[in-house]
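Topology and contacts: notes
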Number of protein chains: 2
Amino acid sequence: MTSDIPEVVINRLPLYARALSTLAASGATVVSSQTLGEQLDVTPAQIRKDLSYFGRFGKQGRGYNVGDLLDRLRSILGLDRTWNVCVVGIGRLGHAILEYDGFVQQGFHTVVAFDASPAVAGTDIQGIRVRPMDELEGYLASEEVDIAVVAVPAEAAQVVVDRLVASGVKAILNYAPISAHVPEGVSIRQIDPVVMMQGMTYYLKELAPDAG
Amino acid sequence: MTSDIPEVVINRLPLYARALSTLAASGATVVSSQTLGEQLDVTPAQIRKDLSYFGRFGKQGRGYNVGDLLDRLRSILGLDRTWNVCVVGIGRLGHAILEYDGFVQQGFHTVVAFDASPAVAGTDIQGIRVRPMDELEGYLASEEVDIAVVAVPAEAAQVVVDRLVASGVKAILNYAPISAHVPEGVSIRQIDPVVMMQGMTYYLKELAPDAG
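What you see is a predicted model, and the numbers here were worked out from it, not measured in a lab.

What counts, and at which threshold
Residues numbered from 1 in each chain as written. Chains lettered and ligands numbered in written order. Predicted model: local features only at pLDDT ≥ 70, side-chain atom pairs only at ≥ 80, totals over all residues. Pairing = 2+ DSSP bridges. Helix = DSSP H or I, 4+ residues; strand = E, 2+ residues; numbered from the N terminus. Contact = placed C-beta atoms within 7 Å. Nonpolar A, V, L, I, M, F, W, Y, C, P; charged D, E, K, R; others polar. Least-squares fit on C-alpha atoms with pLDDT ≥ 70 in both. pLDDT = per-residue confidence, 0-100. Buried ≥ 20, exposed ≤ 12 C-beta atoms within 10 Å, placed from the backbone.

All names here are of chain A. One open sheet holds the seven strands; their spatial order is S5-S6-S4-S3-S7-S8-S9, and the pairing between them is mixed. Edge strands, defined here as strands with exactly one partner in the open sheet, are strand S5 (124-125) and strand S9 (187-190). Where strand S3 (residues 83-88) and strand S4 (residues 108-115) come together, six bridges link them in parallel fashion. Residue pairing across strands places Asn84 opposite His109, the latter belonging to S4.

Chain B puts 50 residues into the contact, and the matching count from chain A is 50 residues. The dominant element in the side of chain B that touches chain A, judged by the number of residues it contributes, is helix H9 (residues 193-207) of chain B, at 15 residues. Class assignment for the residues of the side of chain B that touches chain A results in 28 nonpolar, 13 polar and nine charged.

The subject of this paragraph is the relation of the copies chain B and chain A. When chain B is fitted to chain A, the residual RMSD is 0.0 Å, and the transformation amounts to a turn of 180 degrees plus an axial shift of 0.0 Å. Interpreted geometrically, this transformation is the action of a two-fold axis. A high fraction, 100%, of the interface residues of chain B reappear at the interface in chain A, so the copies pair face to face through one surface.

Before going further, it helps to spend a moment on the pairing of strand S6 (residues 128-132) of chain B. All names here are of chain B. Here strand S4 (residues 108-115) runs beside S6; their pairing, made up of three bridges, is parallel. Within the sheet, the bridge partner assigned to Phe114 lies in S6 and is Arg131. Pairing between strand S5 (residues 124-125) and S6: two bridges, direction antiparallel. In the strand pairing of S6, Asp124 is matched with Arg129. Here S5 hands over to S6 after two residues, with Gln126 in that stretch at a positive phi of 55 degrees.

The predicted model of chain A has a mean per-residue pLDDT of 93, with 96% of residues at 70 or higher. The ipTM, which scores confidence in the relative placement of chains, is 0.92 for this predicted complex, and the corresponding pTM is 0.90.

This part takes up the sheet that holds strand S9 (residues 187-190) of chain B. Ordered by their spatial adjacency, seven strands build an open sheet running S5-S6-S4-S3-S7-S8-S9 (chain B), and the pairing between neighbours is mixed. The sheet is open, and its two edges are formed by S5 and S9 of chain B, each paired on a single side.

Attention now goes to unusual backbone geometry. All names here are of chain A. For Gln126, which is not a glycine, the phi torsion comes out positive at approximately 55 degrees. Tracing the backbone shows Gln126 in the loop between S5 and strand S6 (128-132). By C-beta crowding, Gln126 is classed as partly exposed, having 13 other C-beta atoms within 10 Å.

With that settled, consider the environment of B:Ala180. Residue and element names in this part refer to chain B. Along the chain, Ala180 turns up in the loop between strand S8 (171-174) and S9. Residue classification places Ala180 among the buried residues on the basis of 21 C-beta atoms within 10 Å. Along the primary structure Ala180 and Lys205 are separated by 25 residues, whereas in three dimensions their C-alpha atoms are 29 Å apart. With residues near it in sequence (within four places) discarded, Ala180 still touches Ala157, Gln158, Val161, Asn174 and Ile188.

Pasting the structure below:
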């Protein structure tokens, strides 16, 4: 049942889980696909279709049991365990990532960081040891790292991604402003605020074509 | 020709522009949809189809003129002008955003920041004045701001988004970990590294279902 499921569906499931988690925290025990859809700007039909990939949830006209659906989604997504993360590139952004407490709250434990600069390597940031880049392969060979966060400059990013992949890392979150390549079987997500802004300026330009 | 174009197409155009920009910098003058597609992990057919929304580009079998296509894409996306940005919420993340020089290089000028904390409001960061939140509406009424970056805590984010929208902001980049709502006619993009990681752990779990 796994590999046939479109990636866009998988990518929506964490949003469903987050909304359900908020609902559960507010004391709700049942939610309709209508209500859930309104919270997420997704149609109820889309939610029902997405969930149908994973079996039957809820009863016609009764809505979903919040706790049960949340548990199932957490299990499907692997959110019911912890994952080890490494961060590569400890400039301003990498530093901010090490200081961000939102990862560990969601089960993502940053266990190590790497940086090419001798001034940064060897230091501890938020209790996380920053190692020199030449220790990357050795570390990954002996320690379990599930996800790598790449925050190096654009020109270094593909080489770093290649080294991570060669060391067996199967999931990469890339903050460098390039479209990095990974082979089949490795997941990558790109975070690029400039690209996101550039997708919005198209609409701004349409709203006020003479401005600027 | 504008509103019929799917948003996913618009969102790919900045990636095409970025790849073309790199090609141009390396001295390339012509590129095939095949080569461009390989750089971006997009099929050549997809590139041709995406571009066909905007007219005819390139000649069958000859590829695209890199400079011409780049100019057209920059014009289509509104990247041939500058845009004014405000950043709301100057905690660690907002601070890192103010210090990030990648925006201004791409024509996104951060002109002002806002923060609720009296300790932060009134300071300058990277030459950008941080104003108290209660000056938000007044500032936006008199100064041109095209895009707002929201970096406030989750529980404050929807209220901030609502205030920005009420003040006429039409494009919002939201770093807060909520699915914020905006009315029709306002663009919003969500940046949430946790959600992106949670979309990848699904695949990690499939690779090693017994681990953890």
